[in-house]
Amino acid sequence: MAACLTQGASTHSTEVARIEGVKMIVNKTLSSFFKVSHTLHLSAVSPSQYRFHVEHLQSDDYSKDKDAPALIGEVDSSGSLNAHSLLHLTERVRAKAVFQTQQSQFVTWQFETEYRGSDFTAAVTMANPDILRESVILVAHFLQSVSSGLVLGGELVYHRGRAEEGGILTLAGQYSGPNWVATLNAGKGGAHASYYQKANKQIQVGVEFEASTRTQETTASFGYQMELPEANMVFRGMVNSKCIIGGVLEKRLSPLPATLIMGAFVNHRGDKLQVGLGVNVG
């Protein structure tokens, strides 16, 4: 829900993408609307795998973002498939479908329709409809821009199955300034609050607090990002109340079309260490 509030802005998060083992990514642009990538991940804590990713980019006149993908597909060495399709029906209406399989079994089939007005967004999503099992998940959300900096909205999740039926309502708000964004989500399932500040051109910081009524747990985290354009480097770090500390360093290997990625994460409470090295080509 917090991500929906940004409405076209970059999504903020204190989470840092973890890297473990050895990973190599090769990206290739075949044409102005067709891209592919190959990922090989060798891991000591999970099965090593290969993933093939393909994108067909949006090219119609209604697309606000000319680089928005119309079709995305990904398959890994275990046979699992992840497919997304996005279609702009009109300038304001778009439809999206998502299909996911885990080896030979379907795990997700989801359909969404979204309408974007001049100062609001409304969407309805239907996930995993099954007539035989009489089960379905419906999600409706609405976001309204109250002023230039304030956005308010809500999300209703309804699920039905043979054994249970119920709904969860979540209310959300976002207030943003020139260099900062604050969000708050609250509902029956818990609450989530965040604040992000762009200190200058090189440094960004953020804090998050999350409380769950289902797990009876609360988590606080702090993250930051530092860019060094002269050195072609970006460093992202985080620490949270679960005693997890981590960081990822990305170094552009100019003049080569490649980026070196190094990361390490330490769980002091669980006495675990994860170290990773990766190369992104293209």
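Attention in this report is confined to the structure presented alongside it. Please read these numbers as outputs of a predicted model, since none were measured by experiment. Per chain, residue numbering runs from 1 following the sequence as it is written. Residues qualify for local features only when their pLDDT is at least 70, as the model is predicted, and side-chain atom pairs are given and counted only at 80 or more; totals for whole chains, interfaces and linings, by contrast, use all residues. Excluded from the side-chain calculations are hydrogens and water; all other atoms, namely the structure's heavy atoms, are used.

A few words now on the overall build of the protein chain. Along the backbone of the protein chain there are zero helices and 19 strands. Across its three principal axes, the protein chain shows a C-alpha extent of roughly 50 × 45 × 40 Å. Summary of the burial criterion: residues with accessible area below 20% of their type's maximum are buried, those above 50% are exposed, and those between are partly exposed, where the area comes from a 1.4 Å probe applied to protein chains only. By residue count, 28% of the 282 residues in the protein chain fall in the buried class. Every residue pair with non-hydrogen atoms within 4.5 Å of one another is taken to be in contact. Long-range contacts, defined here as pairs at least 24 residues apart, represent 23% of the contacts in the protein chain between residues at least 6 apart. Numbering of helices and strands runs from the N terminus; a helix is a DSSP stretch of H or I covering at least four residues, while a strand is a stretch of E covering at least two.

On to the environment of Leu 273, then. Mapped onto the fold, Leu 273 is located in strand β19 (residues 272–281). We classify Leu 273 as exposed; its relative accessible area is 58%. In contact with Leu 273, other than residues within four places in its own chain, are Phe 265 and Val 266.

Let us look at the pattern of salt bridges. Think of a salt bridge as a Lys or Arg side-chain nitrogen and an Asp or Glu carboxyl oxygen that are within 4 Å of each other. Using the criterion set out here, one finds six salt bridges in the structure. The residue Arg 94 makes a salt bridge to Glu 114 at a minimum N-O spacing of 3.0 Å. With Arg 94 in strand β6 (residues 93–102) and Glu 114 in strand β7 (residues 105–116), the pair connects residues that are 20 residues apart, well separated along the chain. Arg 94 sits in the partly exposed class, given a relative accessible area of 25%. Residue classification places Glu 114 among the buried residues on the basis of a relative accessible area of 7%. A salt bridge links Asp 130 to Arg 133; the nearest nitrogen and oxygen atoms lie 3.9 Å apart. Taking the relative accessible area as the measure of exposure, Asp 130 reaches 21% and is therefore partly exposed. Judged by its relative accessible area of 59%, Arg 133 falls in the exposed class. A single network of salt bridges, built from pairs that share partners, joins Arg 94, Glu 114 and Arg 116.

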